[in-house]
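One-letter residues, chain by chain:
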Amino acid sequence: MKKVNAMDIYKLLPKRNCKKCGYTCMAFATKLLEREESLDKCPFLTEENRKKILELISPPVREVSFGGKKKVVLGGEEVMYRYQKTFFNPTAIGVDVEDTLTEEEIRERAKKIEDFVFERTGEKLKLDFIVIRNKSQDPEKFVKAIKIVEEATEMPICLATNNLESLKKALDVVKQKPLIYSATKENLDEILKIIKEKNKEVALVLSSGDVKELKYMAAKCLVNGLEDVVLEPYLDPEDVFNTVDMNVMIRRSAIERGDKYLGFPILNCPIVSYVYALNNPVPPDEFFSKEDSAKIYEATVSATLLNRYADALIIHNLDIWELMPILTLRQAIYTDPRKPQEVEPGLYPIGNPDENSPVILTTNFSLTFYTVTGDFEKDNVTCWLLVMDTGGKAVDVSVAGGQYNGENAKKLIEETGIAEKVNHRIIILPALAASTRGDIEEKTGWTCVVGTRDSSQVGEFLRKNWDRILKEWREKNKS
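One structure accompanies this document, and this report is about it.

### Observations regarding the packing of helix α7 (residues 188–198) against helix α8 (residues 211–223)
Between two packed helices, what matters for the description is the angle formed by their axes and the separation of those axes.
Link 1 in the chain: Across the interface, α7 lies against α8 with an axial gap of 11 Å and an inter-helix angle of 25°. Between α7 and α8, the crossing angle belongs to the class labelled roughly parallel. For α7 against α8, the interelement crossing comes out right-handed. Contact residues: α7 offers Leu188, Asp189 and Leu192, while α8 offers Met217, Lys220 and Cys221.
Link 2 in the chain: Each residue belonging to the contact of α7 with α8 can be placed in one class, and the counts come to four nonpolar, no polar and two charged.

### What to know about the pairing of strand β7 (residues 157–160)
Link 1 in the chain: Along β7, one buried face is formed by Ile157 and Leu159 and the opposite face, lined by Cys158 and Ala160, is buried too.
Link 2 in the chain: With four bridges connecting them, strand β6 (residues 129–133) and β7 associate as parallel partners. Bridge pairing links isoleucine 130 to isoleucine 157 in β7.
Link 3 in the chain: Handedness of the crossover joining β6 and β7 through helix α5 (residues 139–152): right-handed.
Link 4 in the chain: In this region the chain leaves β7, passes through helix α6 (residues 164–173) and returns to the parallel neighbour strand β8 (residues 179–183); the handedness of that crossover is right-handed.

### Observations concerning the side chain of arginine 330
Link 1 in the chain: You can see arginine 330 is positioned in helix α12 (residues 320–333).
Link 2 in the chain: A polar side-chain atom of arginine 330 sits 2.7 Å from a polar atom in the side chain of aspartate 128.
Link 3 in the chain: Once residues lying within four places of it in the same chain are set aside, the contact partners of arginine 330 are Pro90, Thr91, Ala92, Ile93, Lys126, Asp128 and Leu306.

### Some points on a nonpolar patch on the surface
Link 1 in the chain: A contiguous nonpolar patch, built from Ile320, Trp321 and Met324 and spanning about 270 Å² of accessible area, is present on the exposed surface.
Link 2 in the chain: When you line up the elements, isoleucine 320 lands in helix α12.

### Observations regarding the pairing of strand β10 (residues 229–233)
Link 1 in the chain: Burial within β10 is extensive, with five of its five residues counted as buried.
Link 2 in the chain: Burial of the side chains of β10 extends over both faces: Val229, Leu231 and Pro233 are buried on one face and Val230 and Glu232 on the other.
Link 3 in the chain: In the sheet, strand β9 (residues 203–208) pairs with β10 via five bridges, with the strands oriented parallel. Residue pairing across strands places serine 207 opposite glutamate 232, the latter belonging to β10.
Link 4 in the chain: Crossover handedness for the path β9 to α8 to β10: right-handed.

Rules used in this analysis
- Residues numbered from 1 in each chain as written.
- Predicted model: local features only at pLDDT ≥ 70, side-chain atom pairs only at ≥ 80, totals over all residues.
- Heavy atoms only, no water.
- Axes fitted to C-alpha atoms, helices over the stretch in contact; angles between N-to-C directions.
- Helix = DSSP H or I, 4+ residues; strand = E, 2+ residues; numbered from the N terminus.
- Parallel < 35°, antiparallel > 145°, perpendicular 65-115°, else oblique.
- Left-handed = near helix turned anticlockwise from the far one by under 90°.
- Contact = heavy atoms within 4.5 Å.
- Nonpolar A, V, L, I, M, F, W, Y, C, P; charged D, E, K, R; others polar.
- Buried < 20%, exposed > 50% of the residue type's maximum accessible area, 1.4 Å probe, protein only.
- Pairing = 2+ DSSP bridges.
- Right-handed = clockwise from strand over helix to strand, strands pointing away.
- Polar contact = N/O pair within 3.5 Å; in protein donor to acceptor, adjacent residues only side chain to side chain.
- Patch = residues over 30% accessible without salt bridge, like charges linked within 9 Å, V, L, I, M, F, W, Y side chains within 5 Å.
- Areas by Shrake-Rupley, 256 points an atom, 1.4 Å probe, with all protein chains shown as cover.
- Salt bridge = Lys/Arg side-chain N within 4 Å of Asp/Glu carboxyl O.

Encoded structure:
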């Protein structure tokens, strides 16, 4: 495929440089290419050129959305590897709710899925959608479960049923745009007929263990006017790498070969590996209970597929120890590698510091900052935390690169006014920055004390040493 550049887009823009979009035409072309602005911002674009630009900037993997007030967006990817550009829409993770549960159990599990959250490096990591499984095969129970979930939460919904009567009744009551799981080669015609009859906006999962079959079904959907399609290569819990191979084959066909019939998001179901592991021995089985082994296997399969182009995953368990590694891996994969992950430099009070509290100097790399503040809060550390602008680099990297230095420390001290907040001139440096001590002392006039290597050790270090350090400094600076 020909690589599109900003000049290709610029040629189709009005070239007025009127800045009604907020940019010159060339800058706007660059923003469109980077998917940072909307084409609607240009008031002078002809309809013909609008269509041409949309063709140029539309990603080879189509974006597919579903939901209501809250939406899930899948796909939209342009590259095979994140270092080439970035990945845009993080893998959506859905958890199932069975319609065989009691009304109260359905409500409680749905709320638990919606409310699940934990914070890492300043970002709240959550689950994305609820999968309502028609385990009972009873259309009435399925409908009731849908109503309960939609009343109890605002979560996007996936309707999981192979019962066509259940699907018909579900589409009559569901209030949002659902994801339907799933159509196979055998029932695709019937499902397309139902969707057309109900005149309901949906996204449809196509399931098969054969990539050619998935391509054939996707083509049939497009011919029938259904463009919101998601592809699911079957997951064999005994041969997960076959599914990985199919994921790679589908994504490569879309991005490198421009195959529009495979240019759709991919959904995988690690829940299948969980069910399998409950009934069969899996590697951790000899060390853990059968239930825990199954959960570990589900998490392992989820991580494997996350690393190989899964745009959505359906899992079963809500244990924090299973979900944390999955969500943390997702966060890492979908962090833009072109942009340093940084926080605002400045002065951050930890606890309720006063004029006698220690001053600690760190960097504005977000992982460093949130690790440090988390450790300090957990250990009841009270201090003034000076956060130096190192361009989003960690302590050791910024020391090696020269960003953690005396000039930057002096600038930070002056800008934050820390000298007016404390009655001493002592800065505690992380042990990894010990080599910068002389430079910082010379440029700032402050006394530098080398602290611990790890922020989890700072609390103990201060309890043992701060009073002595402060007393010695005051003795030395009496005059």
